[in-house]
Amino acid sequence: MQTMTLPDRRGYFGVHGGRFVPETLVPALDELAAAYAEAMADERFRAELETLSRDYVGRETPLTFAERLTEHCGGAQVYLKREDLAHTGAHKINNALGQALLAQRMGKRRIVAETGAGQHGVATAAVCAKLGLECIVYMGEEDIRRQALNVFRMKLMGAEVRPVASGARTLKDAINEAIRDWVSNVETTHYLLGSVVGPAPYPEMVRDFQLVIGRETRRQVLERLGRLPDYVVACVGGGSNAIGMFYPFIDDEEVKLVGVEAGGKGLATGQHAAPLAAGTVGVLHGARSYLLQDEHGQILGTHSVSAGLDYPGVGPEHCYLKDIGRATYVAVDDIEALEGFKLLCRTEGITPALESAHAVAHTGALARTCSREVVIVVNVSGRGDKDMDIVVDALGGAL
Amino acid sequence: MNRLADVFDTTGRTALIAYVTVGYPTIEATLRLVPLLARNGCDIVELGIPFSDPMADGATIQKTSHEALLNGVTPDVCLDVARQLSGEVDVPLVFMSYYNPILKKGLDDFCRACADSGVSGLIVPDLPPDEGGELELVSAAHGVDLVYLLAPTATDARIRLVADRSRGFLYLVSLVGVTGARASLHDGLEDFVDRVRAVAKQPLCVGFGISSPEQAVRVAKVADGVIVGSRILQLVEQDDSLEEAARFVRAVRAALDSAE
Ligand SMILES: Cc1ncc(COP(=O)(O)O)c(C=O)c1O
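As the structure is a computational prediction, the values presented were derived from the model and not from experiment. All chains use their own residue numbering, which begins from 1 and follows the written sequence. Throughout, the order in which chains and ligands are written sets their labels, letters from A for the former and numbers from 1 for the latter. At least 70 in pLDDT is required for a residue's local features to be given in this predicted model, at least 80 for side-chain atom pairs to be given and counted, and no such filter applies to totals for whole chains, interfaces and linings, which use all residues. Hydrogens and waters are ignored; side-chain quantities use all the structure's heavy atoms.

Draft legend 1. Summary view of the packing of helix 4 (residues 92–105) of chain A against helix 5 (residues 119–131) of chain A. Residue and element names in this part refer to chain A. Fitted lines through C-alpha atoms give the axes, limited to the stretch in contact for helices. The angle between two N-to-C directions lies from 0 to 180 degrees. By the criteria applied, helices consist of DSSP H or I runs no shorter than four residues and strands consist of E runs no shorter than two, each listed in order from the N terminus. Between helix 4 and helix 5, whose axes approach to 9 Å, the crossing angle comes to 40°. Taken together, the axis directions place helix 4 and helix 5 in an arrangement best described as oblique. Between helix 4 and helix 5 the crossing geometry is right-handed. Touching Lys92, Ile93, Asn95, Ala96, Leu97, Ala100, Leu101 and Gln104 of helix 4 are Gln119, His120, Ala123, Thr124, Val127 and Leu131, all from helix 5. Angle categories: roughly parallel below 35 degrees, roughly antiparallel above 145, roughly perpendicular from 65 to 115, and oblique for all the rest. A clockwise turn of the near helix away from the far one marks a right-handed crossing, whereas an anticlockwise turn of less than a right angle marks a left-handed crossing. Should any heavy atoms of two residues lie within 4.5 Å, those residues are considered in contact.

Draft legend 2. Geometry of the nonpolar core. Core analysis: the biggest nonpolar cluster contains 99 residues, and Leu47(B), Phe95(B), Leu135(B), Phe169(B) and Ile232(B) have the highest contact counts within it. If sequence neighbours within four positions are ignored, Phe169(B) has contacts with Leu4(B), Phe8(B), Ile17(B), Ile44(B), Ile123(B), Val147(B), Gln202(B), Pro203(B), Cys205(B) and Ile227(B). Throughout, nonpolar core names a set of buried Ala, Val, Leu, Ile, Met, Phe, Trp, Tyr and Cys residues whose side chains join them through atoms within 4.5 Å. Partly exposed describes any residue whose relative accessible area lies between the buried limit of under 20% and the exposed limit of over 50%, with all areas from a 1.4 Å probe on protein chains only and scaled to the type maximum. Membership of the second largest hydrophobic core comes to 66 residues, among which are Leu32(A), Leu97(A), Leu101(A) and Ala125(A).

Draft legend 3. Main features of the side chain of Asn95(A). Residues and elements named next belong to chain A. The topology assignment puts asparagine 95 in helix 4. Among the residues examined, asparagine 95 registers a relative accessible area of 0% and is labelled buried. Residues within four places of asparagine 95 in sequence aside, it is in contact with His120, Leu192, Leu193, Gly194, Val206, Phe209 and Gln210.

Draft legend 4. Highlighting the side chain of Glu46(B). All names here are of chain B. For glutamate 46, the position within the fold is in strand 2 (residues 44–48). Charge assignment in this entry is limited to Lys and Arg as positive and Asp and Glu as negative, and neither His nor the chain termini are counted. Should a side-chain nitrogen of Lys or Arg be within 4 Å of a carboxyl oxygen of Asp or Glu, the pair is scored as a salt bridge. Buried glutamate 46, no salt bridge; nearest opposite-charge side chain is arginine 253, N-O distance 14 Å. Ignoring anything within four residues of it in the chain, the contact list for glutamate 46 reads Ile17, Ala18, Tyr19, Val20, Val94, Met96, Ile123, Tyr171 and Ile227.

Draft legend 5. Seen up close, the site of the ligand. Residues and elements named next belong to chain A. We define proximity as follows: a residue is near a molecule or strand when any one of its heavy atoms falls within 4 Å of that partner. Lining the immediate surroundings of the ligand are 19 residues, of which Ser195, Gly237, Gly239, Ser240 and Ser381 lie closest. Between serine 240 and the ligand, the recorded distance is 2.7 Å, taken from a side-chain N or O atom to an oxygen atom. For the ligand, an oxygen atom lies 2.8 Å from a polar atom in the side chain of asparagine 241. Calculation on the ligand without its partners gives an accessible area of 390 Å², and the protein chains cover 98% of this total. What qualifies as a polar contact is a pair of N or O atoms within 3.5 Å, subject to a donor-acceptor requirement within protein and to the restriction that residues adjacent in sequence count only when both atoms come from side chains. Residue-level accessible areas treat just the shown protein chains as cover; the underlying method is Shrake-Rupley with a 1.4 Å probe.

Draft legend 6. Structural context of helix 7 (residues 148–156) of chain A. Residues and elements named next belong to chain A. Along helix 7, the positions that sit buried rather than exposed are Asn150, Val151 and Met154. Looking straight down helix 7, one finds its buried side chains confined to an arc of 105°; they lie on one side. Along helix 7, exposed side chains directed more than 90 degrees from the buried face belong to Leu149, Phe152 and Leu156. Backbone geometry just after helix 7 places glycine 158 at a positive phi near 95°. Directions are taken from the helix axis to each C-beta atom, and the arc is the one they span.

Draft legend 7. Inspection of the packing of aromatic side chains at higher detail. Think of it this way: a Phe, Tyr or Trp ring, Trp meaning its six-membered ring, pairs with another when their centres are within 6.5 Å, and the plane angle makes it stacked under 30 degrees, edge-to-face over 60, tilted otherwise. Applying the stated criterion across every chain, the model contains 10 aromatic pairs over all chains. Ring geometry for Phe20(A) and Tyr99(B): centres 5.6 Å apart, planes at 15°, overall stacked. Here the residue Phe20(A) occupies a position in the loop between strand 2 (16–17) and helix 1 (26–40), and Tyr99(B) occupies one in helix 5 (residues 99–105), the pair thus bridging two chains. Tyr99(B) shares its class with Phe20(A); the two are buried. Judged by centre distance (6.2 Å) and plane angle (75°), the ring pair of Trp182(A) and Tyr202(A) falls under edge-to-face. Taken together, the residues Trp182(A) in helix 8 (residues 171–185) and Tyr202(A) in helix 9 (residues 202–210) connect sequence positions 20 residues apart. Looking at Trp182(A), the relative accessible area reads 3%, which means it is buried. Accessibility expressed as a relative area gives 0% for Tyr202(A), which makes it buried. A network of ring pairs unites the aromatic residues Trp182(A), Tyr191(A) and Tyr202(A) as a single cluster. Taking NZ or CZ as reference, Arg207(A) lies 4.1 Å from the ring centre of Tyr247(A), over its face. Only Lys NZ and Arg CZ are tested; either one counts as a charge over a ring when it is within 6 Å of the ring centre and within 35 degrees of the ring normal.

Draft legend 8. Structural detail: the confidence of the model for chain B. Every residue is assigned a pLDDT by the predictor, reflecting its confidence on a scale from 0 to 100. In the predicted model, chain B carries a mean pLDDT of 97, and the fraction of residues at 70 or more is 99%. In the predicted assembly, ipTM is 0.96 and pTM is 0.97.

Draft legend 9. Looking closely at the sheet that holds strand 6 (residues 134–140) of chain A. Residue and element names in this part refer to chain A. Spatially, four strands are ordered 7-6-5-8 in an open sheet, and the strand pairing comes out parallel. Edge strands, defined here as strands with exactly one partner in the open sheet, are strand 7 (160–164) and strand 8 (189–191). Sheet twist, expressed as the average angle between the axes of neighbouring strands with direction ignored, equals 25°. Across five bridges, the pairing between strand 6 and strand 7 is parallel. Looking at strand 7, one finds that methionine 139 is bridged to proline 163. In the packing of helix 8 onto the sheet, contacts are made with strand 5 (110–115), strand 6, strand 7 and strand 8, and the angle to strand 5 comes to roughly 160°. Pairing between strands is defined by DSSP: at least two bridges between them are needed.

Draft legend 10. Expanded view of the interface of chain B and chain A. On the chain A side, the residues contacting the 34 residues of chain B number 36 residues. Summed over both partners, the accessible area (1.4 Å probe) lost when two parts come together is defined as the buried area. Taken together, the two surfaces of chain B and chain A that pack against each other cover about 2,900 Å², and 53% of this comes from carbon and sulfur. Per-residue buried area on chain B facing chain A is highest for Met55(B), Lys104(B) and Glu131(B); these three make up 23% of the total on that side. Inspection of the region where chain B meets chain A yields four salt bridges. Where Asp53(B) meets Lys172(A), a salt bridge forms, and the shortest distance between an N and an O atom there is 2.7 Å. Where the side of chain B that touches chain A is concerned, the elements lending two or more residues are helix 3 (59–70), helix 5, helix 7 (129–141), strand 6 (149–150) and helix 8 (156–165) of chain B. The leading source of residues in the side of chain B that touches chain A is helix 5 of chain B, at five residues. In terms of residue class, the side of chain B that touches chain A is made up of 21 nonpolar, six polar and seven charged. Each residue is assigned to one of three groups, with Ala, Val, Leu, Ile, Met, Phe, Trp, Tyr, Cys and Pro labelled nonpolar, Asp, Glu, Lys and Arg labelled charged, and all others, Gly among them, labelled polar.

Structural data, given as structure tokens:
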């Protein structure tokens, strides 16, 4: 299928993607694209990435049959891809490790990153500690408040966490500030972007570092069941865990790909973070994609109980998969996500990240509508330790 | 409509270009400020259309953009302001806008409205020529110049590409960074301007960071135009009678004239 050759030379997936950046950054993006292509063609680079993925990250991550969740739903068989068991507690480390090795190879020893939930910040801080790189993480003040534990973890690992006070003080604003830092220090600095968003070559490069998730899953399911799954489900913030999961299945047309966005307080309220479900096409942070924007092209504020999904844009490749009908995207609201969170805790003894809980919630609902022969794999993109304060607040005495 | 090229062909002096965010601190203030800048020696005025996510801007323009948005400024309001101003001042007006508000309005609608409102050019900081082909065609069809930027990080190949595509003038970013007043200019500034001069036919205007008459004079030794933005907005913030901003522009003009 043609999808496998995208993006095109200009960084486009259909009409999405591209490189809408200040001129200052264009040479740096050219340099990054060239260095990335060269690294991926270098067997030594790939071997180093693979060794560290095994010995440092702990890959491969397991595929767990969720027996009691399956019973509870009384429908499809549900399997969990356990990215929550990757080092630092989420899939974010796959990309952080790949890009940090690339930065090292390019001779860039200063790393800047943005973070929402703090998982990408923690993963970046960890690999920078491991490789001896300087690490600066931009984080919105609102996210610093709601993900305080991760702020402390980043600092322990030697990162400097810079609070961002502009806008809604969440992920979008942290990306603005990280881009401004990169524009100002581009000669010495690599911007370690945490999802499949931003200008080319980021959406492609981050996808490639994440597709290990789907590749392992595909092999594990085939080994275990001798067949492919019927559904693959993942949450979508910027879309990195989802594209990593989907990509190796794209040519398997019988496998349905389902992305789950943050429905916040409900799509009808406008307070959500679901650009694929409810957005329009525009340009933000260097790429053309579906966006949440007003009629004048101003980017709208978002809301989600999960900081990692609280973003008004989404990766261009997901926009393309939506346009061609290869993947479908649904929204799960805050309340449903909290139910998904509790459900996985109770039935499987696994505490998912609130981001992943969106995918779990949809999986539960979907499983109920399916027969026993149907197989669903859901990506548990991260673990929920970081979210305990929010969950305690939200559930109060309800436990 | 005033043509940008005429500024450089006919005035014979270093062009002084001012940037202001439309609607900061109020729409009325912008309507008073722009004629004041023109009277005190500016040759072109850039009208900034505020955007929610100004990733190429430093603290000052982030703040003015944010406040302008709170004041209800939209691209249509900016077009209306431009229409009023173009009847009143005889310097060319140029819009500075991030790409998304232009895209949302529709390239053709936007450019036609620019032409109708007396806007001579467009500067779009997140639109490099690699992505600008469509806007180039549409703006040209309406007689509006699309001005591209170049930065000191440019390779020779990049300089050739941008110089080939920019209309009106070339906007040289003085430093590796975002907008905002700076105490000192980049050491390599003259070398950068010389590199561009070797291949570009357009007038070269230098902006980002320029905040004093002395810096303007240094830039004028190598460039055809000097662009001042954040410093003017800081002075507007400090003194809403706008007298400080006018005084500053007068001082820059005088320094440029006596250095010629
Ligand atoms: C556990 C987890 N899952 C998902 C996400 C969303 O990002 P993406 O859509 O890029 O996977 C985040 C982001 O912080 C996260 O921490």
